[in-house]
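Overview (structure and organization)
As a plain string of letters, each chain reads:
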Amino acid sequence: MADAIRVLSMDAVHNAKSGHQGMPMGMADVATVLWTKFLKYDAARPDWADRDRFVLSAGHGSMLLYSLLHLTGFKAMTMKEIENFRQWGSKTPGHPEYGHTPGVETTTGPLGQGLATAVGMAMAERSLAARYGADLVDHRTWVVAGDGCLMEGVSHEAISLAGRLKLAKLTVLFDDNNVTIDGAATISETGDQMARFKAAGWAVKAVDGHDQGAIRRAMAWAIKQDKPSLIACRTKISKGAGAKEADPHSHGYTLFDKEAVDARAAMGWTLPPFEMPDDVVKAWRAAGRKGGRARRAWELRAKASPQREALHRALRGEFTEDAFDGLEAHIAALASSPSANATRVWSGEALERLVPAIPEMIGGSADLTGSNNTQVKGAKAFDHPDYAGGYVHYGVREHGMAAAMNGMAVHGGVIPFSGTFLAFADYSRPAIRLGALMGARVIHVMTHDSIGLGEDGPTHQPVEHLAALRAIPNLLVFRPADGIETAECWRAALEHRQTPSIMALSRQKTPAVRLAPADRNLSAHGAYELAAATGDAQVSLFASGTEVAIALGARDMLQAAGIGCRVVSTPCWELFETQGADYRTEVIGGSPVRIAVEAGVRQGWERFIGEDGGFIGMTSFGASAPYERLYREFGITAEAVAAEAKAKLRA
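This section reports on the structure supplied with the text. (Residues numbered from 1 in each chain as written. Predicted model: local features only at pLDDT ≥ 70, side-chain atom pairs only at ≥ 80, totals over all residues. Heavy atoms only, no water.)

So, on to the sheet that holds strand 6 (residues 203-208). The strand order across the open sheet built from 5 strands is 1-2-3-7-6, with neighbouring strands paired in parallel fashion. At either end of the open sheet lies a strand with only one pairing partner, and these are strand 1 (53-56) and strand 6. Neighbour-to-neighbour, the strand axes of this sheet turn through a mean angle of 20°, independent of strand direction. One ladder, built from 6 bridges, connects strand 2 (residues 141-146) with strand 3 (residues 170-176); its direction is parallel. From the neighbouring strand, Ala145 faces strand 3, where its bridge partner is Phe174. (Pairing = 2+ DSSP bridges. Helix = DSSP H or I, 4+ residues; strand = E, 2+ residues; numbered from the N terminus. Axes fitted to C-alpha atoms, helices over the stretch in contact; angles between N-to-C directions.)

Here it is as structure tokens:
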């Protein structure tokens, strides 16, 4: 059965002349034991909610997973798909992609990300088990990780977080083959991985990764532990490949025609490519059906449970009809009594209305709770042994936090949000990008969104970050201007079920700009006319966040000078792009002068102001000083905006 994985992986890579057969061939014994003896799944129902999660963190070895899905009988993974490995339109892309291939639990490939994402899956399982009981939620998360995964810095964050939370239903199967692309792993890594995991609070064990009896005993040991577990599986890369077995250079496509023939001979495999012996297929298909009994028993328990509807609604990612009633009442109160405040404070007020109404929301912060305003009153910590809490203390682990939130989201039943400073999006960015690729509903609260944070200086003042995040496809970047926009942006973020979001929020206070109630969520349109011109609009000002108030001040000056000026608030460019062409044309307008105002770099604003439009913002890093002084020194003032408009009109 293990050789079937080896041969399929070798054949697919050889056929594509691209890919990596080394890891699948090396970990075939470990995978065979796991998928036949321990993993809880039903190949006929890949979406069974209480299945175990299998994460191939070493995503380059995707043929290991594709072989398992085909052999166990996942309907979508036909032999034709195996033959089309890495080809256009196939369900067998070079690295596993969530939402593209049934049976793939998360997108992997960037090393370490799968391991960190799996921590979030294990967290989601514990949260749901605490809420709905072990009768409905009781499954494990299994991870295959290699040397590269454990070298990446995010692995340290993930390992230490999982150890601190005592996530006992998480097991990492370490492909301990001492191989990296450049050669033996020891040319760059001589650390003791088992000691490292043990120091982080994990149970650890080492086995021969080709002794199926030892592997089985180790997995049986792992599921009895009261902490996360690591099984270091000493393997030979490209096991079974004859002369190429254990060759550090057999990581990728190196089994050419002669080597593939030699490998078949070494394994005693006589069938031609992409053909499997009937008895092997029969044994694998039986393994794929074995979990059907457990799945049907779970369905009966779920059907009889009074929490059935709540659980299924949470897993579907849907809301109750009254989920946003408190938020809408909050918006109405803000409209009737406008006041100045930081948008991070208004975000906290919005969360006070949302979190009690949407129990699936689990918040957190990278050790910046008081700054991010992400913990609502009365929220308890998510922690061992009671995982019912709705707030995670992630510590200073931005990358691990963002990846864990991806894992929670793709697991289902949980809507994660958590906070850090916008400048530290650089630490989170790889996971943010992966979440966008997967369409994971994760909300990244990022406060201190400009030079407006003041005295902490340019190390903490984001300048290029909004542009960098807006460049990521399928990511909503919200930068609200006041309390009403902040509340509207939260609702829009929650209602987009297949898109992660950034909430860029200010440290400094800013006045209310929405002074009247609206009959719809204006921020959900991405951009809208906030203030019309009196008379012909000679100037259109476009702004986001705290600079909207500056644009309104400039409008007053221009109108006083007899120059018609309108202001457009742009809380979310990405949502604006989804609006109809007529709406976008109307909002941008036909003013001869268009100027953008934002305390960041210009990049991207051309979509509103054109190549010849004016821009008031940043062209350098910031500085350390009170924010009022910084705005003056960098020329981001109403006076500067008005002067730019007049200069453009004269030109």
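So much for the structure itself; the text now carries on.
Further remarks concern empty space enclosed by the protein. Empty space among the atoms can be located by rolling a probe the size of a water molecule over them. Scanning all chains against the criterion turns up 4 cavities of 30 Å³ or more. Of the pockets and cavities examined, the largest cavity occupies roughly 110 Å³. In terms of lining, the largest cavity is formed by 13 residues, of which the most central are Tyr41, Asp52, Phe74, Gly103 and Glu105. Residues of the lining of the largest cavity, tallied by class, amount to 7 nonpolar, 1 polar and 5 charged. Considering only enclosed or pocket space, the second largest cavity measures out at about 50 Å³ in volume. In terms of lining residues, the second largest cavity is bounded by Ala49, Asp50, Leu128, Leu136, Val137, His139, Trp298, Leu311, Leu315 and His411. Grouping the amino acids of the lining of the second largest cavity by side-chain chemistry returns 7 nonpolar, 2 polar and 1 charged. (1 Å grid on protein atoms, 1.4 Å probe; cavity = no way out; pocket = protein on both sides within 12 Å on 5 of 7 lines; lining within 4 Å. Points joined across faces, edges and corners; volume = space filled by probe spheres on them. Nonpolar A, V, L, I, M, F, W, Y, C, P; charged D, E, K, R; others polar.)

By size, the foremost hydrophobic cluster in this structure holds 117 residues, and its most contacted members are Trp35, Met123 and Met219. Top contributing element to this core by residue count: helix 6 (residues 113-132), with 11 residues. In contact with Met123, not counting residues within four places along its chain, are Leu161, Leu165, Leu167, Phe382, Val392, Tyr394, Ala404 and Met408. Membership of the second largest hydrophobic core comes to 47 residues, among which are Ala481, Ile550, Val597 and Tyr631. (Core = buried A, V, L, I, M, F, W, Y, C linked by side-chain atoms within 4.5 Å. Buried < 20%, exposed > 50% of the residue type's maximum accessible area, 1.4 Å probe, protein only. Contact = heavy atoms within 4.5 Å.)

Moving on to a positive patch on the surface. A surface patch of positive charge is lined by Lys37, Arg216, Arg217 and Lys290. Topologically, Lys37 is positioned in helix 3 (residues 28-38). When its relative accessible area of 55% is taken as the criterion, Lys37 is described as exposed. (Patch = residues over 30% accessible without salt bridge, like charges linked within 9 Å, V, L, I, M, F, W, Y side chains within 5 Å. Areas by Shrake-Rupley, 256 points an atom, 1.4 Å probe, with all protein chains shown as cover. Salt bridge = Lys/Arg side-chain N within 4 Å of Asp/Glu carboxyl O. Lys, Arg positive; Asp, Glu negative; His and termini not counted. Charge placed at Lys NZ, Arg CZ, Asp CG, Glu CD.)

Turning to the layout of surface pockets, a few remarks are in order. When its volume is computed, the largest pocket comes out at roughly 850 Å³. Around the largest pocket, the lining comprises 36 residues; the ones closest to its centre are Tyr98, Leu315, Val410, His411 and Gly412. Elements represented by at least two residues in the lining of the largest pocket include exactly helix 13 (292-304), helix 14 (308-316) and helix 18 (398-411). Classifying every residue of the lining of the largest pocket gives 15 nonpolar, 11 polar and 10 charged.

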